[in-house]
Amino acid sequence: MCAGAVIRTAKPESISALADLTGRKQGNLSRTLKTMSRYGLVRLVRVDRQVRPVADAERYQIVA
């Protein structure tokens, strides 16, 4: 399952919580989320000292 789907269903409170859910290392996941945010798929919302990922796109199509 991709990170966007996990974000929509689980609504994690932080990147570290999402890392626990997906089994990915936090640093790699953070880099992926930053790329996804540049494409408008997720937002990274700062809440106190944590960064909360929020899914913006429900569907997307990759055209090559």
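Data block above holds the structure.
Residues numbered from 1 in each chain as written. Predicted model: local features only at pLDDT ≥ 70, side-chain atom pairs only at ≥ 80, totals over all residues. Heavy atoms only, no water.

*Asks:* Describe in detail unusual backbone geometry, supporting the description with residues and values.
*Replies:* Here Lys11, not a glycine, exhibits a phi torsion of approximately 50°, which is positive. Backbone geometry places Asp48, a non-glycine residue, at a positive phi of 55°. Turning to its location among the elements, Asp48 is positioned in the loop between strand E1 (42-47) and strand E2 (50-55). (Helix = DSSP H or I, 4+ residues; strand = E, 2+ residues; numbered from the N terminus.)

*Asks:* Residues and numbers for the pairing of E1, please.
*Replies:* Where E1 and E2 come together, 6 bridges link them in antiparallel fashion. Note that in E2 the partner of Arg43 across the bridge is Val54. Counted between consecutive antiparallel strands, the loop separating E1 from E2 contains 2 residues, among which Asp48 sits at a positive phi close to 55°. (Pairing = 2+ DSSP bridges.)

*Asks:* Account for the pattern of salt bridges, naming residues and giving values.
*Replies:* Per the stated rule, a full pass over the model turns up 1 salt bridge. Put simply, Arg43 and Asp56 hold a salt bridge, and the shortest N to O gap is 2.8 Å. Linking Arg43 in strand E1 with Asp56 in the segment after E2, this pair joins segments that are 13 residues apart in sequence. (Salt bridge = Lys/Arg side-chain N within 4 Å of Asp/Glu carboxyl O.)

*Asks:* Describe helix H2 (residues 15-22), and please don't skip the residues or the numbers.
*Replies:* All of the buried residues in H2 are Ile15, Leu18 and Ala19. For H2, the buried positions fall inside an angular range of 105° around the axis, keeping them on one side. For H2, the exposed residues lying more than 90 degrees away from the buried face are Asp20 and Leu21. Those residues of H2 that are buried lie in contact with helix H1 (3-10), helix H3 (26-38) and E2. Once H2 ends, the next one or two residues include Gly23, with phi positive near 80°. (Buried < 20%, exposed > 50% of the residue type's maximum accessible area, 1.4 Å probe, protein only. Arc of directions from axis to C-beta. Contact = heavy atoms within 4.5 Å.)

*Asks:* Lay out the nonpolar core in plain terms, naming residues and giving numbers.
*Replies:* Membership of the largest hydrophobic core is limited to 12 residues, which are Ala3, Val6, Ile7, Ile15, Leu18, Ala19, Leu29, Leu33, Met36, Leu41, Val42 and Ala57. Breaking this core down by element, the ones donating at least two residues are H1, H2 and H3. Those residues within four positions of Leu29 in sequence are excluded, and the remaining contacts are Ala3, Ile15, Leu18, Ala19, Thr22 and Arg24. (Core = buried A, V, L, I, M, F, W, Y, C linked by side-chain atoms within 4.5 Å.)

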